[in-house]
Amino acid sequence: MAALSSLPIYSSHGATHTPEAMKSDDLLTCNCLNVVNKRVTDRRVIYSKAAQVQSESFSSREPLWQAWIGKSHQRSAFCCNVVVDGRTHLFSVGNKFQLDDVIEAQQFDREMLNALFEVAREMENIEKNASGSQILKGYLMSTLFYEPSTRTRLSCESAMKRLGGEVLTTENAQEFSSAAKGETLEDTIRTVEGYSDIIVMRHFESGAAKRAAATSKIPIINAGDGPGQHPTQALIDVYTIAREIGQLDGISVGLVGDLAHGRTVRSLAYLLAKYNDVKIYFVSPEVVKMKDDIKDYLNSQNVKWEESADLIEVASICDVVYQTRTQQERFGERVDLYEEAKGKYIVDRNVLNVMQKHAVVMHPLPRLDEITVDVDKDPRAAYFRQAKNGLYTRMALLKLLLLGW
């Protein structure tokens, strides 16, 4: 082992430290430049003089100075910028994921989101690698979709297969499963868990995912429960904002359209509240305004929000314009209310013309006429990149739920 005096100085929140100046078992986040491979990788390590190297990958048992020296030619030199993080140990390689199921956005905190997004970035590299990954080989995922889906179902199935796993699928479980015969959701879950290792479920009833999780002995991922929540979409959205805007603190986001029935905007609001100095604008017709429970939650978290009827004004000051479709299926027989709500706010060239150059337009998709097709050519149209990010975040979730960090 090299002498401590030969090691580099690390920076921590603007201060500099040599290893001996740091307390034993300080938890460190290390953003490392691998000098050999000329590529940037994110690693998390714990500095501990008593630690020993246990594996080729960085782990909570690996001392910082040995992370510098490396154990093989692939790890012979690293330049590190170290930031002390009091919870990093929770997300160290080999640890169990903190969640048994993914049911609602409130389950995540900021630190967990940051760590999860690191895994998603790793999944991008796996997806781009022709050889792929086999880390989930031998695992089976069941998809139970009681409502139509394209992106969510296919991206979940693609995520599982790209990590070496297999899929059992029911595209329209309400019609083509035993639910059509009157079987309860609880009985369906108890049956399907015997065939698989994880279940991804979309249901038409708000709260159905919680019922499934209370019944199941294997992980449940909520892929949307009626007008309730869509937590994995919110993860995708926050990940996309971070990639597109470059930050999550200090941003302004305009949520536009059917906010009363849109489960994506509800989950997104919960996650945005985890970040500092965020302001949310609600732009919607009167009949589909954001519900009070979300406003009350934002107030409790000291998140600034404002309702507006002027999309042009909001678009001119926001970093993100998050458009949603008016969900006809949620109106039931109230066709009059649907007609009143639809087509009120449309993102077109006029909206683009007032948006800032760095701002982006997002949409969970599918879209109808709420974003005109000529917007697609503008580089600020991020919604198809957003959909692609769904693959990486869901790959990360599957890996974490089944294998841990």
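Residues numbered from 1 in each chain as written. Predicted model: local features only at pLDDT ≥ 70, side-chain atom pairs only at ≥ 80, totals over all residues. Heavy atoms only, no water.

## Examining the overall build of the chain
- A count of helical and extended segments in the chain gives 13 helices and 14 strands.
- The burial tally for the chain puts 52% of its 405 residues in the buried class.
- When the accessible surface of the chain is totalled, it reaches about 17,900 Å², and 49% of it is carbon and sulfur. (Helix = DSSP H or I, 4+ residues; strand = E, 2+ residues; numbered from the N terminus. Buried < 20%, exposed > 50% of the residue type's maximum accessible area, 1.4 Å probe, protein only. Areas by Shrake-Rupley, 256 points an atom, 1.4 Å probe, with all protein chains shown as cover.)

## Observations regarding the sheet that holds strand β11 (residues 279-283)
- What the 5 strands build is an open sheet, ordered β12-β11-β10-β13-β14; its pairing is parallel. Only two strands of the sheet have a single partner each, and these edge strands are β12 (304-308) and β14 (360-362). Across the sheet, the axes of successive neighbouring strands diverge by a mean angle of 20°, strand direction being ignored.
- In this fold helix α9 (residues 292-300) packs onto β11 and β12, with an angle of close to 145° to the strand it touches most, β12. (Pairing = 2+ DSSP bridges. Axes fitted to C-alpha atoms, helices over the stretch in contact; angles between N-to-C directions. Contact = heavy atoms within 4.5 Å.)

## A word on the packing of helix α3 (residues 151-162) against helix α13 (residues 383-403)
- Remark: α3 packs on α13, axes separated minimally by 8 Å, with the N-to-C direction vectors making an angle of 55°. Taken as axis vectors, α3 and α13 run oblique relative to one another. Helix-helix and strand crossings are classified by hand; for α3 and α13 the assignment is right-handed. Taken together, the residues of α13 that come into contact with α3 (itself represented by Arg151, Thr152, Ser155, Cys156, Ser158, Ala159, Met160 and Arg162) are Ala387, Gly390, Leu391, Arg394, Met395, Leu398 and Leu402. (Parallel < 35°, antiparallel > 145°, perpendicular 65-115°, else oblique. Left-handed = near helix turned anticlockwise from the far one by under 90°.)

## Points about the sheet that holds strand β7 (residues 166-170)
- Strand order in the open sheet formed by 4 strands is β7-β6-β8-β9, with parallel pairing between adjacent strands. The open sheet has two free edges, formed respectively by β7 and β9 (220-225), since each of these has just one partner strand. Recorded for the sheet is a direction-independent mean angle of 15° between the axes of neighbouring strands.
- Pairing of strand β8 (residues 198-203) with β9, which is carried by 4 bridges, proceeds in the parallel orientation. Counterpart to Met201 in the pairing with β9 is Asn222.
- Relative to the sheet, helix α5 (residues 185-192) contacts β6 (140-145), β8 and β9, its axis offset from that of β8 by approximately 155°.
- Running over the sheet, α13 touches β6, β8 and β9 and is turned about 130° from β8.

## Some thoughts on the packing of aromatic side chains
- For the structure on display, the rule yields 7 aromatic pairs.
- Pairing Tyr270 with Tyr297 gives two aromatic rings, centres 4.7 Å apart and planes at 70°, and the pair type is edge-to-face. With Tyr270 in helix α8 (residues 263-272) and Tyr297 in helix α9, this residue pair connects regions lying 27 residues apart in the sequence.
- On the basis of relative accessibility, which here comes to 18%, the residue Tyr297 falls in the buried class.
- Arranged with centres 5.8 Å apart and planes meeting at 45°, the rings of Phe282 and Trp305 form a pair that is tilted. With Phe282 in strand β11 and Trp305 in strand β12, the pair connects residues that are 23 residues apart, well separated along the chain.
- Assessed through its relative accessible area of 2%, Phe282 is described here as buried. (Phe/Tyr/Trp six-rings, centres within 6.5 Å; stacked < 30°, edge-to-face > 60°.)

## Considerations on the nonpolar core
- By size, the foremost hydrophobic cluster in this structure holds 68 residues, and its most contacted members are Phe97, Phe108, Leu255 and Ile280.
- Ranked by residue count, the leading element in this core is α13, at 9 residues.
- Judged by nonpolar contacts, the second largest core, of 20 residues, contains Leu311, Leu352, Leu365 and Ala381. (Core = buried A, V, L, I, M, F, W, Y, C linked by side-chain atoms within 4.5 Å.)

## Topic: the pattern of salt bridges
- Throughout the structure, instances matching the rule amount to 23 salt bridges.
- Between Asp292 and Lys295 there is a salt bridge; the shortest N-O distance is 3.9 Å. You can see Asp292 and its partner Lys295 sitting in helix α9, 3 residues apart, about one turn around the helix.
- A relative accessible area of 8% means that Lys295 is categorised as buried. (Salt bridge = Lys/Arg side-chain N within 4 Å of Asp/Glu carboxyl O.)

Functional significance is not addressed by these values, which are geometric in nature.
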